[in-house]
Amino acid sequence: KAGVTQTPRYLIKTRGQQVTLSCSPISGHRSVSWYQQTPGQGLQFLFEYFSETQRNKGNFPGRFSGRQFSNSRSEMNVSTLELGDSALYLCASSPGLAGTLQYFGPGTRLTVL
Amino acid sequence: AQSVSQHNHHVILSEAASLELGCNYSYGGTVNLFWYVQYPGQHLQLLLKYFSGDPLVKGIKGFEAEFIKSKFSFNLRKPSVQWSDTAEYFCAVIHGSGNTGKLIFGQGTTLQVKP
């Protein structure tokens, strides 16, 4: 099976812009979670989706949003980008309800200038 | 707030030395516990997991971890490290009955193995 794929792999944006990141889970997986990884804060949970419903949300401002489609693919959007949003954004998929094994993608490296 | 603490931020070992990385979590209820590894330039990979049963769990590449409920700990061990074990290691916890995918990660430990 192909692993979790994330597009794009690298992205450079300027402050104030918005960005959309995409994640395709492993075939058959229905749960997708998103994480932000930075040197200072480490790995932090953003949100979790299962069957197109957001099941859990981390402690991030409303500028961060996401959605999941019927084919389990997920997107996350960050509006009004700030310098501090520069990070590696990781997507993880899980076969059913998360809480079991999560398989991570390679991430999207976002740089905000 | 629920948290995970990894005691060592940066560990340097010589090949064949033994490894133990500490991990403590703050939640007193049911937990699922994980160790993930991130090799340079690669994505996060699962090393091992604990859901229930035998508190001593074995993972890939000779790693093992012991869940000690009374100490809220899940320390990672390897008897003899190799240069290829150079990576960043993350302890992570999911709290509750498993009806959530919210992984709470520790800050990570960078392991450098000298040949």
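No experiment lies behind these values; they were computed from the predicted model shown.

Parameters and conventions
Residues numbered from 1 in each chain as written. Chains lettered and ligands numbered in written order. Predicted model: local features only at pLDDT ≥ 70, side-chain atom pairs only at ≥ 80, totals over all residues. Heavy atoms only, no water. Pairing = 2+ DSSP bridges. Helix = DSSP H or I, 4+ residues; strand = E, 2+ residues; numbered from the N terminus. Axes fitted to C-alpha atoms, helices over the stretch in contact; angles between N-to-C directions. Buried < 20%, exposed > 50% of the residue type's maximum accessible area, 1.4 Å probe, protein only.

## A word on the sheet that holds strand 3 (residues 19-24) of chain A
Residues and elements named next belong to chain A. Here we have four strands laid out as an open sheet, ordered 1-3-8-7, and antiparallel in their pairing. A single partner strand is all that each edge strand has here, and the edge strands are strand 1 (5-7) and strand 7 (64-68). With strand direction ignored, the average angle separating the axes of adjacent strands in the sheet is 20 degrees. Pairing analysis gives five bridges linking strand 3 to strand 8 (residues 74-78), with the strands arranged antiparallel. Within the sheet, the bridge partner assigned to Cys-23 lies in strand 8 and is Ser-74.

## Some points on the pairing of strand 8 of chain A
Residues and elements named next belong to chain A. Most of strand 8 sits out of view: five of its five residues are buried. The two faces of strand 8 match: Ser-74, Met-76 and Val-78 on one face and Glu-75 and Asn-77 on the other face are all buried. As paired strands, strand 7 and strand 8 are joined by five bridges and run antiparallel to one another. By the bridge assignment for strand 8, Phe-64 is matched with Val-78. In this structure, the hairpin formed by strand 7 and strand 8 is closed by a connection of five residues, where Ser-72 is found at a positive phi of approximately 75 degrees.

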